[in-house]
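For reference, the chains in residue letters:
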Amino acid sequence: MATSAVEHQPAKRPSRMGEMARDTILKLNPRIMVHNPVMFVVEVGTVITLWLTATANTGPSREYDGLVTIILILTLLFATFAEAYAESRGRAQADSLRQSRAGARARALKDGGAWEWVEGAALRRGMRVQIEAGDTVPGDGVVAEGVGAMDESAITGESASVIKSPGDSVTGGTVLLSDHLVVEITADPGQTFLDRMIALVEGAERQKTPNEIALSALLGVLTLIFVMVVVTLGPIAHYYGPHVVNTTTLVALLVCLIPTTIGALLSAIGIAGMNRVAKINVVAKSGRAVEVCGDIDTLILDKTGTITIGNRMATEFLPVPGVSPEELAEVSWIASTADTTPEGRSVVELAQRILHRAEMAAPSGEPVPFSANTRMSGIDLADGRRLRKGAVDAIISMVNSPPAELRNNAERVARDGGTPLAVAVDGRALGIIRLKDIVKTGLKERFAEFRAMGIRTVMATGDNRITAEVIAAEAGVDDVLAEVNPEGKLALIQKEQAEGKLVAMTGDGTNDAPALAQADVGLAMGVGTMAAKEAGNMVDLDSNPTKLLDVVEVGKQLLITRGALTTFSISNDIAKYFAIVPAMFAAVPILHGLSALNIMGLKTPQGAILSALIFNALIIPALIPFAVRGVKYRPQSADRLLLRNIFNWGVLGVIIPFVGIWGIDHVLGLFGLA
Amino acid sequence: MTVSTIVSWAVVIGGLLLLLKPMGTYMYKVFTFQPTLLDRPLKPLENLIFRIIHVTRDSDMTAWEYGVSFVLTNMVWALMAYTLLRVQGALPFNPEHFSNVNAGLAFNTSASFTTNTNWQAYSGENTMSYFSQFAVLEFLQFVTPASGGAVGLAFIRGVSGRKLGNFFVDLTLLLTRVLLPLALIFGVAFVAAGVPDTLAPYLHLHTLAGQTQIVPRGPIAGWEAIEHLGQNGGGFTNANSANPLENPSAMTNVLQSIAMGLVPVAFFYMFGLFSGKKRLAWTLIAVAGTLFLAMLAMIYFPEAAGNPIINALGLHGHGNYVGTELQQGMGGTSIFETSTMSFTTGSVASAHDSFLPIPGLAVFLGMFLNMVFGGKGVGLMNMLMFVILTIFLMGLMVGRTPEFLGKKIEAKEVSLTAIAFLLHPLLILAGSALAVSTSAGMAGVFNAGPQGLSEILYGFTSGAANNGSAFGGLGASLPFYEVAIGITMIIGRYASVVVMLLVGESLLQKKAVPETSGTMRTDTPLFWGILLGSVVVLNALTFFPIMALGPLAEHYLLVAHHLFS
């Protein structure tokens, strides 16, 4: 989404860069910087070295102080750039969202039925607006009157139009394609889903999440420890003489030791995490909600629409003795020609496969639509034959002497978790069509991954036990709860929570609202009722319940990225000690032996310190892609995940800086700086 | 390696391994108020004590109440000790007629013995009356380790999801059920092995050379028992366990080493029983055990290889025996010193000052880490502090909010834990920096080169770690050090312990999260490696610069055959 927005508006590109550059500089403001203690310490250090540069007595010492100052300023700029970059990506995303709403005006209804034009920004909760075909919906609301087709592609990216009728919710920014609607506005300006999404991806309303707060606190104390180590090192080194350590070198050591890598990237990680959620078209009401996703223990999933594709499909014809499968297929096809439901279409498709024909002469006759009374549908042909398909007992009651096979097959289908449909011509039963729930492809593998991650999946459905259990086994969920009503779902959530588990669920109906509110993560469907959307802490604009799995992965990736970069940051310090400590005391004769610690063979003390500091600065932009995209995540058990990440970020985090600092030292050597 | 080395190591390590399970199980029963063998003789006595101080076994305290009781009780003891030392001249059992202890020394000594540091800025045989030795200092050697152990118990209970308990109940039971019975057993064993235990005056002997030698003695065997059982470490005499009257044989040497480790190691196992995570307890024992063996190797092998400068003269083959008690040999000395630095006892059977730099680094290591089993209860708390930090740092990489024993570690716990971690290096670094930058501090440095700096660092490290051993050669009896190290000991003892107690309570109040395969496991070889790695890295990052200026600098000078006149 972010990239497409940029591609569509090549003219805006320089301004985006300009904005990013401006933010990078503005974020250096100490009043902003102080919220990030790690980088604030770097800023204070920079001021000290700058002052030392200005007051240096000798040329060489001024050159050294100046170089350190420049690298420190670069370190600061890399850090502010990382944040500005993440924000700018979010802003690009926000702009494309905002465009869909640009200039929205609304016909506000007044008492008595008249309307007047008002600006979208003037709409308030409770106001009613009239929307004509072609209008953009000015704000979130609920349809009060009328039925119409809505194009929601601006929000969901889905091009198929959606029919909206009274009680349905509509989202600001979508376009009405046909008819006209009266919509009651349910959100004040700035509070609509679009507004919230924009605010979140832009990072404007970003509040630190609990884990981010905890990590910041730990980074703050770690920084304090290193400040303490470096500040006391000066006086302690005085033991060897009054001018043993150089203040600039101490500042360099401090900046190298404090966790600048994670300190610089921490907020970028958080902003980018929200962007990734927005990118999959989920509006999270807070960053906290996304983070909680990583901790989810139990996923409660609906059957229909979530685990299975929304509709049952015909999978088999089971004719009674004396009837060929072809005959049954032929009759079923004819009986279904007027049936436009997905189930009816699936019967036609199955018949086409069995008869190896794609077309058939349109039958002349009078279609009989399905009704709740007769529980069957079909066609009365011109030749007088009455073709019917429908509920088994309804068909049985209409035919003469139904064969035992019909009943047996029907029971067998029900036992296997399917739904049997009986087919009859006049008084003669021909057989059974097996209708079956189809599990979405790839779900079984995903549930297995979730199991490995320790997440239990529970299917909760209103279906009967047999159907539910068959689908549960097919989809590979861990547990199944059949014949459950919304209250049952709420009780299930409360039971899991009483065991200390964190629960996530999806829902769309008003009766799902209490459960959505009770769950730790409630993902409401965009097509759902306003009550459901208000109760959940996330809304999926695509209304795809399987999306819950993606959000869980984003939440986990967010935590892993923070942990990985923190571990990397701390592991890096070892090599920096081996570079700086021997260098900083190289001038003291009695400490000459410490040069044995210079295992990287760095050429000069000054070059060693500059190399370590340059590495420390460069690693920040080098890791921006990881911070923004997130560390690669594969669902697997905690132990395997830990082992892999410890190697990637802990062990390599120790080794890489040794190589990096050595390399930088050689490059500096080419310029005579080492 | 000689047979005696191997045997002495095997006896100490094997003995501790054999004893940790029965001892831990016994203590678990005592502190969960289950019936034990000693109930019959001791319960009436304990009930009487509880009635007098108006507590019952189930009068639970909050972390704050527990912490305040701990600190206030200790303050009362310190005040009492200070007063009694100041007037020892007027008190009985003073056959050598020692005068009152001066104010600075009395402060330093009462702070030192109350904080279970047992740093001695005096030599016992020339300063303390028998009364001061057994009624003041030995009393403190019983009660102060018991009070530290009690806090450890409360912490274990908190993280295991139980109420914290009552400080006075725990203190009483640690004395009646653990320290006093053990001290009786070890005391009798030491008497049997030839350690004196008497109130008679010092012996005046006429030597073969025709001179008179004064041999100090006193109630030593009982002192030795609790000195080691309580990880106290203050010697009855200045030479401590290098004095043949305190540690006469190879048998007493290994017995003292075992006595030091017995209760701290059992605390680790007891933690496993309390938390229901025995495998976690074994993982922690394995981490501490690995560090113990590393220290043992760092002390023994360089010492056995000898001083390279002397070896270069062709006099090699005998190891560096300078400052070592010859009768215990290299093997006995190395296991005793490793034990005393691991368990933060601080009694010594050799002069740490005379160690080569790498063994010197090893003894520093024990005090920096302060969790290689450590003092009873307190060492475990330090270990769990690292466990919490490690879980928080690494645990994020499994994609869940880090959990410890089923409780989420959030901002409050991680901040408090990090502050507890910060205090230890703060005391060491700030104290040393102060000493080096003031003339009062530099006046106590008697050795040139890195050794002199190491002596200062050692003094503050020993005080902060409540170890109490010293690098000789520092003028520790100067007023500057008496006060500065005294304050270091007090903050080192109380601040981090109370902070960790608050962490324990905060975890207790959280809802338990069930363990799933998505939970980071803490009882695997992988976690052993991660914990070990992060303990080493976090400490290296904090202490590497000062170690480079001290022992490491000295090591490279030694390798370069540099001599100081």
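Model, not experiment: these values are computed from the prediction. (Residues numbered from 1 in each chain as written. Chains lettered and ligands numbered in written order. Predicted model: local features only at pLDDT ≥ 70, side-chain atom pairs only at ≥ 80, totals over all residues.)

Another aspect to go through is the overall build of chain B. Looking only at helices and strands, one finds 19 helices and four strands in chain B. Relative to a compact globule of 565 residues, whose C-alpha radius of gyration would be 24 Å, chain B shows 23 Å and is just as compact. Referenced to the eigenvectors of the C-alpha coordinate spread, the extents of chain B come out at roughly 75 × 60 × 50 Å. (Helix = DSSP H or I, 4+ residues; strand = E, 2+ residues; numbered from the N terminus. Rg over C-alpha atoms; globule rule 2.2 N^0.38 Å.)

A count of helical and extended segments in chain A gives 23 helices and 22 strands. Over its C-alpha atoms, taken along the principal directions, chain A stretches across nearly 115 × 60 × 50 Å. Taking the contacts inside chain A whose residues are at least 6 apart along the sequence as the reference set, 68% of them involve residues at least 24 apart. (Contact = placed C-beta atoms within 7 Å.)

Quick look at the interface of chain B and chain A now. The figure often quoted for interface size is the accessible area lost as the parts come together. In this complex, chain B contributes 53 residues to the contact, which on the side of chain A involves 58 residues. Broken down by secondary-structure element, the contributors of at least two residues to the side of chain B that touches chain A are α14 (378-395), α15 (411-437) and α19 (525-559) of chain B. Ranked by the residues each element gives to the side of chain B that touches chain A, the list is headed by α19 of chain B, at 15 residues. Residues of the side of chain B that touches chain A, tallied by class, amount to 37 nonpolar, twelve polar and four charged. (Nonpolar A, V, L, I, M, F, W, Y, C, P; charged D, E, K, R; others polar.)

For the rest of this paragraph, the subject is the pairing of strand β4 (residues 141-145) of chain A. Inspection of the sheet shows β4 of chain A paired to strand β7 (residues 169-170) of chain A by two bridges, in the antiparallel sense. Of the residues in β7 of chain A, the one forming a bridge with V142 of chain A is S169 of chain A. (Pairing = 2+ DSSP bridges.)

Residue and element names in this part refer to chain B. Where helix α17 (residues 450-464) meets α19, the axes come as close as 8 Å, and the angle between the chain directions of the two elements is 145°. Judged by the twist between their axes, the crossing of α17 over α19 is left-handed. Residue-level contacts link P450, Q451, L453, S454 and L457 of α17 to I546, L549, G550, P551, A553, E554 and L557 of α19. Its residues assigned to classes, the contact of α17 with α19 shows eight nonpolar, three polar and one charged. (Axes fitted to C-alpha atoms, helices over the stretch in contact; angles between N-to-C directions. Left-handed = near helix turned anticlockwise from the far one by under 90°.)

Moving on, we come to the sheet that holds strand β8 (residues 175-176) of chain A. Residue and element names in this part refer to chain A. Spatial strand order, β6-β5-β8: three strands in an open sheet with antiparallel pairing. The strands lining the two open edges of the sheet, one partner per strand, are β6 (162-164) and β8. Pairing analysis gives two bridges linking strand β5 (residues 148-151) to β8, with the strands arranged antiparallel. Pairing of M150 across the sheet is with L176, part of β8.

Turning our eyes to something else, we now look at the sheet that holds β4 of chain A. Residues and elements named next belong to chain A. Spatially, β2-β1-β3-β9-β4-β7 is the arrangement adopted by the six strands of the open sheet, whose pairing is antiparallel. One side of each edge strand has no neighbouring strand; the edge strands of this open sheet are β2 (115-119) and β7. As paired strands, strand β1 (residues 105-109) and strand β3 (residues 128-132) are joined by two bridges and run antiparallel to one another. Bridging across to β3, A108 finds its partner in V129.

This next bit is on the domain arrangement of chain A. Residue and element names in this part refer to chain A. For chain A, the domain assignment lists domain 1 (2-94 + 200-277 + 553-670), domain 2 (105-135 + 141-186), domain 3 (287-307 + 440-541) and domain 4 (312-438). Summarising the inter-unit geometry, the C-alpha centres of domain 1 and domain 3 are found 41 Å apart. With 18 residues of domain 1 in contact, the opposing surface of domain 3 contributes twelve residues. Elements with a contribution of two residues or more to the side of domain 1 that touches domain 3: α8 (210-237), α10 (260-279) and α21 (547-584). Per element, the largest residue contribution to the side of domain 1 that touches domain 3 is five residues, and it comes from α21. Taken together, the residues of the side of domain 1 that touches domain 3 break down into eight nonpolar, eight polar and two charged. (Domains from an automatic or database assignment.)

One non-glycine residue, N281 of chain A, lies in positive phi territory at about 65°. Here N281 of chain A shows up in the loop between α10 and β10 (282-284). One non-glycine residue, N370 of chain B, lies in the positive phi region at around 60°. Relative to the helices and strands, N370 of chain B is located in the loop between α13 (357-369) and α14.

Attention now goes to the nonpolar core. Residue and element names in this part refer to chain A. Core analysis: the biggest nonpolar cluster contains 336 residues, and A82, L265, A504, I580 and L613 have the highest contact counts within it. For this core, the element with the highest residue contribution is α21, accounting for 18 residues. Residue-level mapping places this core at the junction of two domains, with at least three residues from each of domain 1 (2-94 + 200-277 + 553-670) and domain 3 (287-307 + 440-541). Excluding residues that lie within four positions of it along the chain, I580 makes contacts with A252, L253, C256, A608, I609 and A612. In this structure, L318, L328, I334 and I433 belong to the second largest nonpolar core, which totals 30 residues. (Core = buried A, V, L, I, M, F, W, Y, C linked by C-beta atoms within 7 Å. Buried ≥ 20, exposed ≤ 12 C-beta atoms within 10 Å, placed from the backbone.)

The subject of this paragraph is the environment of D393 of chain A. Residue and element names in this part refer to chain A. Mapping D393 onto the fold places it in helix α14 (residues 392-398). You can call D393 exposed: it has 12 C-beta atoms within 10 Å. Separated by 29 residues in sequence, D393 and A422 have C-alpha atoms that sit 8.4 Å apart.

Let us now look at helix α13 (residues 342-355) of chain A. Residues and elements named next belong to chain A. With 14 residues, α13 extends 20 Å from end C-alpha to end C-alpha; this agrees with the ideal 20 Å at 1.5 Å per step. Within α13, the full set of buried residues consists of G344, S346, V347, L350 and A351. Buried residues along α13 cover an arc of 160° about the axis, so they all sit on one side. Two residues or fewer after α13 comes H356, characterised by a positive phi angle close to 50°. (Expected span 1.5 Å × (residues − 1). Arc of directions from axis to C-beta.)

Turning next to helix α22 (residues 605-629) of chain A. Residues and elements named next belong to chain A. With 25 residues, α22 ought to run about 36 Å at 1.5 Å a step, and its terminal C-alpha atoms sit 37 Å apart, in line with that. Maximum bend of α22: about 40°, positioned at L623, with proline P625 one to four residues after it. Just downstream of α22 lies G630, where phi reads positive at about 90°. (Bend = angle between axes of the 7 residues up to and from the residue.)

Along the chain, L594 of chain A turns up in the loop between α21 and α22. For L594 of chain A and A583 of chain A, which are eleven residues apart along the polypeptide, the C-alpha to C-alpha distance reads 8.6 Å. L594 of chain A has contacts with V581, P582 and F585 of chain A together with A548, L552, A553 and Y556 of chain B, leaving out every residue within four places of it along the chain.

Bringing the confidence of the model for chain A into the picture now. Confidence in the prediction for chain A averages 85 pLDDT; 94% of positions are at 70 or higher. Here residues 1-13 of chain A scores under 50 on pLDDT; set against residues more than four positions off or in separate chains, the count is 13 contacts. (pLDDT = per-residue confidence, 0-100.)

So, about the packing of helix α3 (residues 63-86) of chain B against helix α4 (residues 103-114) of chain B. Geometrically, a packed helix pair is captured by the angle between its two axes and the distance between the axes. Residues and elements named next belong to chain B. The geometry of α3 relative to α4 is characterised by a closest axis approach of 9 Å and an angle of 140° between their N-to-C directions. The angle between α3 and α4 places the two elements in the oblique class. The interaxial crossing formed by α3 with α4 has right-handed handedness. Contact residues: N74, W77, A78, A81, Y82, L85 and R86 in α3; A106, F107, T109, S110, A111, F113 and T114 in α4. (Parallel < 35°, antiparallel > 145°, perpendicular 65-115°, else oblique.)

If a strand is regular, its side chains alternate between the two faces of the sheet. Residues and elements named next belong to chain A. Only one face of β3 is buried: it carries V129 and I131, and the other face, with R128, Q130 and E132, is open. Pairing of β3 with strand β9 (residues 180-185) involves five bridges; the strand directions are antiparallel. Bridging from a neighbouring strand, E132 pairs with H180 of β9.

We now examine the confidence of the model for chain B. Considering every residue of chain B, the mean pLDDT works out to 90; 99% of them sit at 70 or more. Interface confidence in the predicted complex, given as ipTM, is 0.91; pTM for the same model is 0.87.

Along the polypeptide, L673 of chain A turns up in the segment after α23 (638-670). Along the sequence, L673 of chain A and F78 of chain A sit 595 residues apart, while their C-alpha atoms lie 22 Å from each other.

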